[in-house]
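Chains, contacts and geometry: an overview
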Amino acid sequence: MSTLQTLDRGLRALDIVSQRPGGISIAELSAELEVARAIGYRIVATLEAHSLVARTQDGRIRLAVGAALLGSRFRPRLREVAQPLLRDLAQQTSATAFLSTLEGDECVVIAVAEPDTGILRVGYRVGTRHPVSKGAAGLAILAGRPASDSDTDAVRRAREDGFSITAGELEHGAVGVAASVRSPLDHEGVGFEASVGVVAIEGLDTDVAAAAVVATAARINSLLDT
């Protein structure tokens, strides 16, 4: 397969930067891309010109607003259906509600809603990613798959319960509850794997949250099927 080297490097650079929430230096980025630092500077300058990355005060490279805008256009039908339901879910549970999809072996948050009440909130942002094997969102996605001999006990339990609950796996003190969202196939026969859930630092009533999350997932599934 023939690829355009410059574009390939730029896309690889975006992927590398996206995995470094604390930022990455141009020297480190150039080393990972296996290019000279001068080429690394040109790649970063090009991405900056399109607002895909930005430099922090200490010169490290992080994703910028352009990347968030591109991400917000991912799965537009799913986001369109889920966003108002996320707002309702956040209010019902007094917790941050989120929608995640699977990208490779990572969960990526594509929509978030915060409650009007509550003091301590989890800083869950669109674009946040974590391994699918960790956190309520990932377990819910794995539980939505057919049973496998490689399933962990946590995945089996989530499949049996219809939802997953985790505590402190992604952030100290955070409790998450999530349920899988079934994927309808598009006109090309391609689907997706997703989950909806809530996360809070303290005071989350997990029984109430589980019921609300399962009901929200069912509602999303119903709307996606129409």
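Just so it is clear, the model here is predicted, and its values are computed rather than measured. (Residues numbered from 1 in each chain as written. Predicted model: local features only at pLDDT ≥ 70, side-chain atom pairs only at ≥ 80, totals over all residues. Heavy atoms only, no water.)

1. Notes on the overall build of the chain
Rules: The helix count covers DSSP runs of H or I at least four residues long, the strand count covers runs of E at least two residues long, and both are numbered beginning at the N terminus. Buried residues are those whose accessible area, probed at 1.4 Å on protein chains only, stays under 20% of the maximum for their type, while exposed residues exceed 50% and partly exposed ones sit between those limits. Residues count as neighbours in contact if any of their non-hydrogen atoms are within 4.5 Å of one another. Using a 1.4 Å probe, the Shrake-Rupley method yields the accessible areas, and only the shown protein chains count as cover for residues.
Of the regular secondary structure elements, the chain holds 8 helices and 8 strands. For the chain, buried positions account for 42% of its 226 residues. Relative to all contacts within the chain whose residues are 6 or more apart in sequence, the contacts with residues 24 or more apart total 53%. Only carbon and sulfur atoms are counted for the fraction: they give 52% of the accessible area of the chain, which is about 12,300 Å².

2. Observations concerning the pattern of salt bridges
A side chain of one charge can pair with a side chain of the opposite charge when the charged atoms of the two come close. Note the threshold: The working definition used for a salt bridge is a side-chain nitrogen of Lys or Arg within 4 Å of a carboxyl oxygen of Asp or Glu.
The final tally for this structure, using the stated rule, is 8 salt bridges. A salt bridge links Arg12 to Asp8; the shortest N-O distance between them is 3.9 Å. Here Asp8 and Arg12 lie together in helix H1 (residues 5-18), a separation of 4 residues that amounts to about one turn. The exposure class assigned to Arg12 is partly exposed, which follows from its relative accessible area of 33%.

3. Looking at the sheet that holds strand E4 (residues 106-113)
Defined as follows: A strand pair is defined by DSSP finding two or more bridges across the two strands. For helices, the axis comes from a line fit to the C-alpha atoms of the stretch in contact; other axes are also lines fit to C-alpha atoms, and the angle between any two N-to-C directions lies between 0 and 180 degrees.
If you walk across this open sheet you meet the 6 strands as E5-E4-E3-E8-E7-E6, and the pairing is antiparallel. Lying at the two open borders of the sheet, with one neighbouring strand each, are strand E5 (129-131) and strand E6 (164-167). Pairs of neighbouring strands in the sheet enclose a mean axial angle of 30°, with direction left out of account. In this sheet, E5 lies alongside E4 in antiparallel orientation, the contact comprising 3 bridges. The partner of Glu106 across the bridge, within E5, is Pro131. Sitting on the sheet, helix H6 (residues 135-143) is in contact with strand E3 (96-103), E4, E5, E6, strand E7 (175-181) and strand E8 (194-200), with an inclination near 25° to E7. Where helix H8 (residues 206-224) meets the sheet, it contacts E6, E7 and E8, and its direction lies at approximately 25° from that of E7.

4. So, the environment of Ser94
Locating Ser94 in the fold gives a position in the loop between helix H5 (76-93) and E3. Sequence separation between Ser94 and Thr117 is 23 residues; the distance between their C-alpha atoms is 5.9 Å. Among residues more than four places away in sequence, those in contact with Ser94 are Pro115 and Thr117.

5. Focus: the nonpolar core
Quick reminder of the rule: To form a nonpolar core, buried Ala, Val, Leu, Ile, Met, Phe, Trp, Tyr and Cys residues must be joined to one another through side-chain atoms within 4.5 Å.
Counting 29 residues, the largest nonpolar core has Leu78, Leu99, Val181, Val196, Val198 and Ile220 as the members making the most contacts within it. Listing elements by their share of this core, those giving two or more residues are H5, E3, E4, E7, E8 and H8. Apart from residues lying up to four places away in sequence, Val181 is in contact with Leu78, Leu99, Ala194, Ser195, Val196, Ile220, Asn221 and Leu224.

6. A look at the confidence of the model for the chain
This is how it is decided: Each residue carries a pLDDT score, the predictor's confidence in it, ranging from 0 to 100.
Residues with a pLDDT of 70 or more make up 88% of the chain, whose mean pLDDT is 85. Below a pLDDT of 50 lies the segment residues 185-190, which in the model reaches 3 contacts outside its immediate sequence neighbourhood of four places, other chains included.

7. What about the packing of H6 against helix H7 (residues 153-161)?
Heads up, the rule is: By the definition adopted for this analysis, an angle is roughly parallel if under 35 degrees, roughly antiparallel if over 145, roughly perpendicular if from 65 to 115, and oblique otherwise.
Where H6 meets H7, the closest approach of the two axes is 8 Å, and the angle between their N-to-C directions is 70°. Our classification of the angle between H6 and H7 gives roughly perpendicular. Contacts between H6 and H7 pair Leu139, Leu142 and Ala143 from the former with Ala154, Val155, Ala158 and Arg159 from the latter.

8. What to know about helix H3 (residues 37-49)
Heads up, the rule is: Between the first and last residue of a helix there are one fewer steps than residues, each counted as 1.5 Å, and that sum is the expected span.
Between its first and last C-alpha atoms H3 spans 18 Å; for 13 residues at 1.5 Å apiece the expected length is 18 Å, and the two agree. Those residues of H3 that are buried lie in contact with H1, helix H2 (26-33), strand E1 (53-55) and strand E2 (61-63). Positive phi appears at Ser51, one or two residues downstream of H3, with a value of about 60°.

9. Considerations on the packing of H1 against H3
Put simply, the rule reads: Classification used: nonpolar for Ala, Val, Leu, Ile, Met, Phe, Trp, Tyr, Cys and Pro, charged for Asp, Glu, Lys and Arg, polar for all others including Gly.
Their axes nearest at 10 Å, the elements H1 and H3 cross at an angle of 80°. By the angle class used here, H1 and H3 are roughly perpendicular. Contacts between H1 and H3 involve Arg9, Gly10, Ala13 and Leu14 from the first element and Ile39, Ile43 and Leu47 from the second. In the contact of H1 with H3, the residues fall into 5 nonpolar, 1 polar and 1 charged.

10. Describing the pairing of E4
Within a regular strand, the side chains alternate between the two sheet faces. When you tally the buried positions in E4, you get 8 out of 8 residues, the bulk of the element. Direction of pairing for E3 relative to E4: antiparallel, over a ladder of 7 bridges. The partner of Thr101 across the bridge, within E4, is Val108. Hairpin connection from E3 to E4: 2 residues lie between these consecutive antiparallel strands, with Gly104 at a positive phi of about 65°.

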